[in-house]
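Breakdown of the fold
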2 protein chains.
Amino acid sequence: MLDLHRLRLLRELSHRGTLAAVAEALSYSPSAISQQLAQLEHETGVPLLEKAGRRVRLTEQAEILVRHTETVLGQLERAEADLAASLREVTGLLRVAAFQTAALTLVPNAVTALARSHPGLRLRIRQIDPEQAIPTLTARDYDVVLGEEYPGQPQPRVPGVSLHRLGRDPLRLAVPDSFDAADLADLASAPWAMEPSGTSPRRWAQTVCRTAGFEPDIRFESTDMVFHASLVATGHAASLLPDLVWAATPIPGRLLTLPGSPARTLFMAVREGAHDHPAITAFHTALRTSLTTLKTTLPLPTTEADPAS
Amino acid sequence: MLDLHRLRLLRELSHRGTLAAVAEALSYSPSAISQQLAQLEHETGVPLLEKAGRRVRLTEQAEILVRHTETVLGQLERAEADLAASLREVTGLLRVAAFQTAALTLVPNAVTALARSHPGLRLRIRQIDPEQAIPTLTARDYDVVLGEEYPGQPQPRVPGVSLHRLGRDPLRLAVPDSFDAADLADLASAPWAMEPSGTSPRRWAQTVCRTAGFEPDIRFESTDMVFHASLVATGHAASLLPDLVWAATPIPGRLLTLPGSPARTLFMAVREGAHDHPAITAFHTALRTSLTTLKTTLPLPTTEADPAS
DNA sequence: CCAATTCATCAGTTCAGCTTAAGGGTACCG
DNA sequence: CGGTACCCTTAAGCTGAACTGATGAATTGG
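Residues numbered from 1 in each chain as written. Chains lettered and ligands numbered in written order. Predicted model: local features only at pLDDT ≥ 70, side-chain atom pairs only at ≥ 80, totals over all residues. Heavy atoms only, no water.

Before going further, it helps to spend a moment on the overall build of chain A. Assigned secondary structure in chain A consists of 9 helices and 11 strands. Over its C-alpha atoms, taken along the principal directions, chain A stretches across nearly 75 × 55 × 30 Å. Burial status across chain A gives 52% buried among its 309 residues. Excluding contacts between residues fewer than 6 apart, the proportion of contacts in chain A whose partners are at least 24 apart in sequence is 75%. With an accessible surface of roughly 13,900 Å², chain A has 51% of that area assigned to carbon and sulfur atoms. Separation between the mean location of the 30 positive side-chain charges and that of the 34 negative ones in chain A comes to 3 Å. (Helix = DSSP H or I, 4+ residues; strand = E, 2+ residues; numbered from the N terminus. Buried < 20%, exposed > 50% of the residue type's maximum accessible area, 1.4 Å probe, protein only. Contact = heavy atoms within 4.5 Å. Areas by Shrake-Rupley, 256 points an atom, 1.4 Å probe, with all protein chains shown as cover. Lys, Arg positive; Asp, Glu negative; His and termini not counted. Charge placed at Lys NZ, Arg CZ, Asp CG, Glu CD.)

Moving on, we get to the nonpolar core. The biggest cluster of nonpolar side chains holds 50 residues, and the ones touching the most others in it are Leu-10, Leu-37 and Leu-65 of chain A together with Leu-10, Leu-37 and Leu-65 of chain B. Those elements that provide at least two residues to this core are α1 (4-16), α2 (19-26), α3 (30-44) and α4 (60-85) of chain A together with α1 (4-16), α2 (19-26), α3 (30-44) and α4 (60-85) of chain B. Residues contacting Leu-10 of chain B, with those up to four places away along its chain left out, are Leu-37, Leu-40, Leu-48, Leu-49, Leu-58, Ala-62, Leu-65 and Val-66 of chain B. (Core = buried A, V, L, I, M, F, W, Y, C linked by side-chain atoms within 4.5 Å.)

Around DNA strand C, 20 residues are found, and the nearest of them are Ser-29 and Gln-35 of chain A together with Leu-19, Ala-20 and Ser-34 of chain B. When atoms of DNA strand C within 4 Å of the protein are split into backbone and base, the sugar-phosphate part holds 65%. Arg-6 of chain A is positioned such that a nitrogen or oxygen atom in its side chain is 3.3 Å from a phosphate oxygen of DNA strand C. Here Ala-20 of chain B contributes a backbone N or O atom positioned 2.9 Å from a phosphate oxygen of DNA strand C. Those elements that provide at least two residues to the surface near DNA strand C are α1 and α3 of chain A together with α2, α3 and β2 (55-58) of chain B. (Near = heavy atom within 4 Å. Polar contact = N/O pair within 3.5 Å; in protein donor to acceptor, adjacent residues only side chain to side chain.)

Another point: the domain arrangement of chain A. All names here are of chain A. By domain assignment, chain A separates into domain 1 (4-84) and domain 2 (91-309). Between domain 1 and domain 2, the residue contacts involve 13 residues of the former and 13 residues of the latter. In this assembly, domain 1 packs against domain 2 so that about 980 Å² is buried in total across both faces, 49% of it on carbon and sulfur atoms. Seen at the junction of domain 1 and domain 2, the total is 2 salt bridges. Between Glu-77 and Arg-271 there is a salt bridge whose closest N-O contact spans 3.1 Å. (Domains from an automatic or database assignment. Buried area = accessible area lost by both parts, 1.4 Å probe. Salt bridge = Lys/Arg side-chain N within 4 Å of Asp/Glu carboxyl O.)

Right, let's get into the pattern of salt bridges. Applying the stated criterion across every chain yields a total of 32 salt bridges over all chains. Its salt-bridge partner being Glu-43 of chain B, residue Arg-6 of chain B comes within 2.8 Å of it at the nearest N-O pair. Residue Arg-6 of chain B is located in helix α1, and its partner Glu-43 of chain B is located in helix α3; the two are separated by 37 residues in the primary sequence. The salt bridge involving Glu-221 of chain B is made with Arg-202 of chain B; its shortest N-O contact spans 3.0 Å. Within this pair, whereas Glu-221 of chain B is found in strand β8 (residues 217-221), its partner Arg-202 of chain B is found in helix α8 (residues 200-211), the two being separated by 19 residues in sequence. Salt bridges linked by common partners bring Glu-77, Arg-95, Arg-140, Asp-143 and Arg-271 of chain A together as one network.

Turning to the packing of aromatic side chains, a few remarks are in order. Scanning all chains against the criterion turns up 4 aromatic pairs over all chains. Aromatic side chains Trp-192 of chain A and Phe-214 of chain A sit 6.3 Å apart centroid to centroid with 25° between the ring planes, which places their arrangement in the stacked category. Here Trp-192 of chain A, found in strand β7 (residues 191-194), pairs with Phe-214 of chain A, found in the loop between α7 (200-211) and β8 (217-221); they are 22 residues apart in sequence, far enough to count as distant. The pair Trp-192 of chain A / Phe-214 of chain A is uniform in exposure class, with both members buried. Taking 5.7 Å as the distance between ring centres and 40° as the angle between the ring planes, the aromatic pair formed by Tyr-150 of chain B and Trp-204 of chain B counts as tilted. Taken as a pair, Tyr-150 of chain B in the loop between β5 (144-149) and β6 (161-175) and Trp-204 of chain B in helix α8 lie far apart in primary sequence, 54 residues in all. The burial state of Tyr-150 of chain B is the same as that of Trp-204 of chain B; both residues are buried. (Phe/Tyr/Trp six-rings, centres within 6.5 Å; stacked < 30°, edge-to-face > 60°.)

This brings us to the packing of α4 of chain A against α4 of chain B. At their nearest, the axes of α4 of chain A and α4 of chain B sit 10 Å apart, and the two run at 175° to each other. Here α4 of chain B runs roughly antiparallel to α4 of chain A, going by the angle between their axes. The residues of α4 of chain B that touch α4 of chain A, namely those facing Gln-61, Ile-64, Leu-65, His-68, Thr-71, Val-72, Gln-75, Leu-76, Arg-78, Ala-79, Asp-82 and Leu-83 of chain A, are Gln-61, Ile-64, Leu-65, His-68, Thr-71, Val-72, Gln-75, Leu-76, Arg-78, Ala-79, Asp-82 and Leu-83 of chain B. Along the lines of polarity and charge, the residues of the contact of α4 of chain A with α4 of chain B split into 12 nonpolar, 8 polar and 4 charged. (Axes fitted to C-alpha atoms, helices over the stretch in contact; angles between N-to-C directions. Parallel < 35°, antiparallel > 145°, perpendicular 65-115°, else oblique. Nonpolar A, V, L, I, M, F, W, Y, C, P; charged D, E, K, R; others polar.)

Mapped onto the secondary structure, Gln-75 of chain A falls in helix α4. Taking the relative accessible area as the measure of exposure, Gln-75 of chain A reaches 16% and is therefore buried. Here Gln-75 of chain A is in contact with His-68, Thr-71 and Val-72 of chain B, once residues within four sequence places are set aside.

We now examine the relation of the copies chain A and chain B. Superposing chain A onto chain B requires a rotation of 180° together with a translation of 0.1 Å along the rotation axis, leaving an RMSD of 0.1 Å. The superposition of one copy onto the other is thereby described by a two-fold rotation axis. In terms of C-alpha distance to the rotation axis, chain A has Val-72 of chain A as its closest residue, with the C-alpha 2.8 Å off the axis. (Least-squares fit on C-alpha atoms with pLDDT ≥ 70 in both.)

In this assembly, 23 residues from chain A lie in contact with 23 residues from chain B. Around 2,400 Å² of area is buried between chain A and chain B when both sides are counted, 77% of it from carbon and sulfur atoms. Considering only the side of chain A, the residues that lose the most area to chain B are Met-1, His-68 and Leu-83 of chain A, jointly responsible for 28% of the buried surface there. The tally of links from chain A across to chain B stands at 0 salt bridges. The interface formed by chain A and chain B includes 8 residue pairs in polar contact (both at pLDDT 80 or more). Breaking the side of chain A that touches chain B down by element, the ones donating at least two residues are α1 and α4 of chain A. Here the element with the most residues in the side of chain A that touches chain B is α4 of chain A; it accounts for 14 residues. In the side of chain A that touches chain B, the residues fall into 13 nonpolar, 6 polar and 4 charged.

For the rest of this paragraph, the subject is the packing of α1 of chain B against α4 of chain B. Residue and element names in this part refer to chain B. It is at 9 Å that the axes of α1 and α4 come closest, and there the two elements cross at 115°. One element, α1, and the other, α4, form an angle in the roughly perpendicular class. Of the two elements, α1 crosses α4, and the hand of that crossing is left-handed. Along its contact with α1, which presents Leu-4, Leu-7, Arg-8, Leu-10, Arg-11, Ser-14 and His-15, the element α4 presents Ala-62, Leu-65, Val-66, Thr-69, Glu-70, Val-72, Leu-73 and Leu-76. (Left-handed = near helix turned anticlockwise from the far one by under 90°.)

Take the protein's contact with DNA strand D next. Lining the immediate surroundings of DNA strand D are 19 residues, of which Leu-19, Ala-20 and Ser-31 of chain A together with Ser-29 and Ser-31 of chain B lie closest. For DNA strand D, the backbone makes up 65% of the atoms found within 4 Å of the protein, where backbone means sugar plus phosphate. Here Ala-20 of chain A contributes a backbone N or O atom positioned 2.8 Å from a phosphate oxygen of DNA strand D. Taking Gln-36 of chain B, its side chain carries an N or O atom lying 3.0 Å from a phosphate oxygen of DNA strand D. The set of elements that each furnish at least two residues to the surface near DNA strand D consists of α2 and α3 of chain A together with α1 and α3 of chain B. Among the elements that make up the surface near DNA strand D, the one with the highest residue count is α3 of chain B (4 residues). Partitioning the surface near DNA strand D into residue classes produces 5 nonpolar, 11 polar and 3 charged.

Laid out in structure tokens, this is it:
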């Protein structure tokens, strides 16, 4: 009988490429992974790994096993979901990774609602960059990862992970009251606050400025959008920020709607097979109602129709 | 993550009914089973077993897990089969349980053929009563069980096990030369050799005699059909025997064809998911050719058309 | 009512699988 | 080309999960 634990290691290897990465992801020493895979090879009697430079490559047979392992793991995930669904009360522990604005705004409301509706469900929230959190779904560090997708910056497709849309979060231009600007083009030489390079909000914001015909003068870089807001409030920079920020901090100046009414899409990533899990569907609906509640509460310019709400 | 090993124990329990039986089947102590299932209950946080007198009953949740476990185990079986199928040569070890006539006649030819065509395949044959061997398929004591089905004695359907027909083996009346009998009715007061009561050949043979209008005078009981044949040869008893016996021992007297040309059906039982395994398909074809070869070789009365060959 | 079954529990033991440490091969870079 | 960094493997030793065996409690059948 094939050992599922070893098969999982093989599957991780096929995703991550090196034994060291698998070990890192699953908190083992590389040696343990090497031994276990050697054992799997021995049990099956089939070569599964072959050296490729200083790395290893999966053989054709190993790929076959990986494919089956995916379906087996999905089946087990569904078993857990079915089991949880058969109970009246939703219980257990849900480990959530949330990006900053979600953690500050969406999540607290959702947690409150769930504490009332599903007292048996425990939540563990951690604020973390979603780009690095999504791969850890399959490593089972988290059950849910909240993510965002900026226009023109599509989320990479990760096998074994399914995405579930939460809604749109409109993106607007936040300008200090002291700035004399009516639209984007007026800010060609203004100081800007943006996210660090390499992030998708940064790529999007830069694209917006370049489309408007200028290269932004970026004076402040931070992943902290509340920091951006305070820079706007104190008159130091303009910034392109999503509406949800204003649920966490007061609107610091003027908000200008951008051409085309762009928005980031908020989504929830879970392991395939787990999306039926009652804890996850409960969390999903709690987030969606949290989002729509926040949207109607916020005193925002109603210059756009939002098809998501 | 649900532990597959523990799930397997739960599955066995749902089939066998008591912890003791599971322990017996899988060569553990009952204590080990109890501990493992308690652990599974603890991990899932869901009650899985409830006391029912001095036994235990599976809860609704446990049944859910069992259903999923069945599909997961089937998937793993298919993984192994796919893996083996991807290799050029058929290798590995095939553990076969065979009933007596099969072990004496069908199997040796098949083994010879396989040794030539698939030198990498090792076989371990054990002669054993198929009725007790089939349940052990799921316990993985055997990979293949050869079985027989007498007319009107249908094989019980075992979940997780699939049956594959090998062919018909005609049943005839073997009468000592010294007996003055032309058909069944002439043997109403003759001494008979039959299989022990409780077996399906016995039930069938008794039905045949009763249909012919008499209760047989059973003087010899044995599962050994070669013994039956020798009783016929030595003039001590008549017996209802399948043709395959004559591949193991000379025809001892006269063979009379029965009305309706009855035959037992020979089949091969394997775990579901394993029927695609190349070692098993190879064994299957070897057995079928072995059977047809034997049939054409035997000097038998050709009074019947055999639709199986 | 006693004997036999069956499951639960506890203490003791064994072995699979982990970590650490050392070694060898490969790529990349000055 | 040597140096360095990275990656995989192997050996040795240790730890904890899981097994055995003994004991006890509950239930059923003769």
